[in-house]
Amino acid sequence: MPIPFVVHTSNGHKIYHVNNNTSQHKPEWLKNSSAKKHKREQVRRGGVEILQDFEFPTFCSKVKQSLDGNYIVAIGGYPPQVKVYDVHQVSLKFERHLDYDMIDFQILEEDWKKLVFLCTDRRLEFHSQYGSHYRTRIPKNGRDLMIDRHTADLHIVTSGPEVYRFNLDRGQFMSPWETSLSEGIQVCGMNPVYSMMAYGGEDGCLEIWDPRCRERAAKLDVATFIPSSDEYADIGVSSLRFDEMDGISMAVGMASGYCLLFDIRSSQPLVVKNQGYGLPVEGIKFHSKTRNILSHDRKSIKVWQREKGDNFATMESSLDVHHTCLIGDSGLLFVAKADRPIHSYYVPALGTAPKWCSFLDNLTEELEEQPQNVVYENYQFVTRNELESIGLQQLIGSDLLRPYMHGFFIDLKLYRKAKDAADPQAYEEYRKQKLQEKLEKLRSTRIAKRPKYPKVNKEKWEQQSNSSILQDSRFKAMFENPDFEIQQDDERYRQTHSSRSNKMIRKPNTSYSEQNYYPLNDANESHSVSPNEMQQTKEEERLPLLARLNRKQRQPRLS
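Sequence order sets the numbering: in each chain, residues are counted from 1 along the sequence as written. With pLDDT at 70 or above as the cut-off, local features in this predicted model cover only qualifying residues; side-chain atom pairs require 80 or more to be listed or tallied, and sums for whole chains, interfaces and linings still use all residues. Computation of side-chain values covers all heavy atoms of the structure but excludes hydrogens and water.

(A) Examining the pattern of salt bridges more closely. For this document, the term salt bridge refers to a Lys or Arg side-chain nitrogen within 4 Å of an Asp or Glu carboxyl oxygen. Applying the stated criterion across every chain, the model contains 23 salt bridges. Residues Asp 104 and Lys 64 are paired through a salt bridge, measuring 3.3 Å at the closest nitrogen-oxygen approach. Taken together, the positions of Asp 104 in strand S7 (residues 102–107) and Lys 64 in strand S3 (residues 59–65) put the pair 40 residues apart, joining distant regions of the chain. Comparing Asp 104 with Lys 64 shows no difference in burial state: the two are buried. Glu 282 is the salt-bridge partner of Arg 298, the closest N and O atoms lying 3.9 Å from each other. Helix and strand labels come from DSSP, where a helix needs a run of H or I of at least four residues and a strand needs a run of E of at least two; each type is numbered from the N terminus. To sort residues, take the accessible area from a 1.4 Å probe on protein chains only and compare it with the maximum for the residue type: under 20% means buried, over 50% means exposed, and anything in between is partly exposed.

This is the structure:
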């Protein structure tokens, strides 16, 4: 049975990559026409399908969960399309196609019935339950999209310093906000507790606006807190997120690969976290249950603790990561990548699985119960005596040796080098041994030479096959001259080998038939004898003379 998950361990926490069977792109004319055959192929490759048809033709760019938690909305291409999934039905609800690629989207209501898409052709496209409802243009190319539910304003940030506002109640644009981010605004975010808006620019500055007075409340140069040795490094703000639980925590992701955690009451960062790859931090999430922070760039997803910035779990990816979506306070994470399927990760240390896919907990518990052997691929186990034989006893206590049970684990390359230096002839002996094993294997496949049996006394020759009699010239004629052939049917041979001759006697046929009578002609009369009587006569003839006399004396006399 194929393993349904690919299991990774990071900092002692297990990470289950659920749909590990990355699908391969096939043309339309080569795809399987039977859905059942496709399901069997997926089960054979391994993997669990959380939602039906949870993939796009080419890639997925964004995936989000509705406010009521009952629907998953995702956008991707090619062609540009949006898909809505019902988690309680564990299936695709519908899909729609658009004319242009989508940069971002927002869910306007608690469910999926009202959506807005920011497209690459400088359009805002509003969709309702029945389909496309309204389209409008914006003056510049949009970069990010955000909704203020208190005022029903839709904020659109572009390549310029302006923030365009579209009021959903009036259905018209409001006067834009002019910021001091002259190089352009990259991202925007909203504090849902205190209704404050934040905008991050390409120059590394961050502005906080209060929508009640429509003025800037504060400005912060975030780039000054980043330790950068390259003066030409990108210092722009690439992502922004407020904590929806307390409203005072704010995480800012930088284009240089750093993530900073702020308390809005202070201008100094609490934690400066390095993502590790030097790539822009493209997304940040707050986990409400464990109070951890999730940040990702194109190559990795990291979950870290907000107190000191220590890593909680890390998920590496060979494909570019576009977007992440945490499913509530559970341990399930949807990841949009440059791949057809929407990848799913399950981290039990973050929380249990949602109710609509509670089977993940059962599967992971079964995997925990199964014993798993730990394999050290790049290490060699050695005892203390073996260390002394290769001259590495001075490494005891250093980082190059890992104590384990009655010995140590040592790097395999270091072990081979030390062994070659201690015994230069070991390789030659090993090569000769392998060569000898191959030769013996080839010899065993050859046709075995059959022994040449003699023409006379074959059984006697087999009994004496390992004896020195065969090499003695005095007994040579015993197996060549027919005059020395042993006559096993002779009366004297049977008397001297009575036990052997009795074993060779066949059992008589006890079946009775009229055709089994044989006529015996006598001088006086002729009569027929049954097979039993004839067999008894033959047995008496084979017995020695003394035994036949004793047998006749035991027979009762007739008076």
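(B) View of the sheet that holds strand S13 (residues 162–167). As summarised here, the arrangement of the 4 strands in space is S11-S12-S13-S14, forming an open sheet in which the pairing is antiparallel. Because the sheet does not close on itself, it has two edges, and the strands there are strand S11 (142–148) and strand S14 (172–178). Mean inter-strand twist for the sheet, computed between neighbouring axes without regard to direction, equals 25 degrees. Should DSSP find at least two bridges between two strands, the strands are taken to pair. Examined bridge by bridge, S13 and S14 share 5 bridges and lie antiparallel to one another. Bridge pairing links Glu 162 to Glu 178 in S14. Lines are fitted to the C-alpha atoms to define the axes, a helix being fitted only along its stretch in contact, and any angle between axes, read from their N-to-C directions, falls within 0 to 180 degrees.

(C) Molecular detail of the nonpolar core. Definition used in this section: a nonpolar core is a set of buried Ala, Val, Leu, Ile, Met, Phe, Trp, Tyr and Cys residues joined via side-chain atoms within 4.5 Å. Within the largest apolar cluster, 24 residues are counted, with the highest numbers of intra-cluster contacts made by Ile 50, Ile 72, Leu 332, Phe 334, Trp 356 and Leu 360. Looking at this core, the elements that each hand over two or more residues are S3, strand S4 (71–77) and strand S28 (332–337). What makes two residues a contact is simply this: any of their non-hydrogen atoms within 4.5 Å. Setting aside residues up to four positions removed in sequence, Ile 50 forms contacts with Val 18, Val 90, Leu 332, Phe 334, Ser 344, Trp 356 and Leu 360.

(D) Region of the structure containing the packing of aromatic side chains. Any two of the Phe, Tyr and Trp rings considered here, Trp counted by its six-membered ring, make a pair once their centres fall within 6.5 Å; the pair's planes then place it as stacked at under 30 degrees, edge-to-face at over 60, or tilted in between. For the structure shown, the criterion picks out 11 aromatic pairs. Ring centres 5.6 Å apart and planes at 65 degrees place the aromatic pair Phe 381 and Phe 409 in the edge-to-face group. Taken together, the residues Phe 381 in strand S30 (residues 379–383) and Phe 409 in strand S32 (residues 407–411) connect sequence positions 28 residues apart. In this structure Phe 409 comes out as buried when scored by relative accessible area, which is 10%.

(E) Summary view of the environment of Met 197. As for its position among the elements, Met 197 is in strand S16 (residues 196–201). When the C-alpha positions of Met 197 and His 155 are compared, they lie 9.4 Å apart, and in sequence the two are 42 residues distant. When sequence neighbours within four positions are dropped, the list of residues in contact with Met 197 reads Met 146, Asp 148, His 155, Trp 177, Gly 189, Met 190, Glu 207, Ile 208, Trp 209 and Pro 211.

(F) Expanded view of the sheet that holds strand S18 (residues 215–221). With respect to topology, 4 strands assemble into an open sheet ordered S15-S16-S17-S18, the strand pairing being antiparallel. Pairing within the sheet leaves two strands with one partner each, and these edge strands are strand S15 (185–191) and S18. The average angle at which neighbouring strand axes cross in this sheet is 20 degrees, direction not considered.

(G) Molecular detail of the side chain of Asp 297. Tracing the chain through its elements places Asp 297 in the loop between strand S24 (292–296) and strand S25 (300–305). The side chain of Asp 297 sits in the buried core without any salt bridge; Lys 302 is the nearest counter-charge, 7.3 Å away. When neighbours within four sequence positions are excluded, Asp 297 is seen to be in contact with Gln 275, Tyr 277, Leu 279, Pro 280, Glu 282 and Val 321. In this tally Asp and Glu are treated as negative and Lys and Arg as positive; neither His nor the chain ends contributes.

(H) Examining the side chain of Asn 167 more closely. With respect to the element layout, Asn 167 can be found in strand S13. For Asn 167, the contacting residues outside a window of four places in its chain are Thr 151, Ala 152, Asp 153, Gln 172 and Met 174.

(I) Broad picture of unusual backbone geometry. That bond from Gly 77 to Tyr 78 is cis: its omega, -20 degrees, falls within 30 degrees of zero. A positive phi angle is found at Ser 195, which is not glycine, with a value near 55 degrees. Here Ser 195 is to be found in the loop between S15 and S16. Under the relative-accessibility criterion, Ser 195 is labelled buried at 14%. At Arg 214, a residue that is not glycine, the phi angle is positive and equals roughly 55 degrees. With respect to the helices and strands, the residue Arg 214 is situated in the loop between strand S17 (205–210) and S18.

(J) Representation of the pairing of strand S19 (residues 237–242) in the model. Buried residues dominate S19, accounting for 5 of its 6 residues. Here 5 bridges tie S19 to strand S20 (residues 249–254), and the two strands are oriented antiparallel to one another. Across the sheet, residue Val 237 finds its bridge partner in S20, namely Met 254. Between S19 and S20, which pair antiparallel and follow one another directly, the connecting turn spans 6 residues, one of which, Gly 247, has a positive phi of 80 degrees.

(K) Representation of the environment of Tyr 453 within the structure. The topology assignment puts Tyr 453 in the loop between helix H5 (426–445) and helix H6 (458–463). Along the chain, Tyr 453 and Phe 479 lie 26 residues apart, while their C-alpha atoms are 9.4 Å from each other.

(L) Molecular detail of a nonpolar patch on the surface. Patch construction takes residues with relative accessible area above 30% that form no salt bridge. Like charges are linked within 9 Å, and nonpolar side chains (Val, Leu, Ile, Met, Phe, Trp, Tyr) are linked within 5 Å. To measure how exposed things are, a 1.4 Å probe is used in the Shrake-Rupley method; for residues, cover is taken only from the protein chains shown. There is a patch of nonpolar side chains on the surface, built from Val 193, Tyr 194 and Ile 264 and spanning about 240 Å² of accessible area. Its place among the elements puts Ile 264 in the loop between strand S21 (258–263) and strand S22 (269–274). Residue Ile 264 is classed as partly exposed on the basis of its relative accessible area, which comes to 33%.

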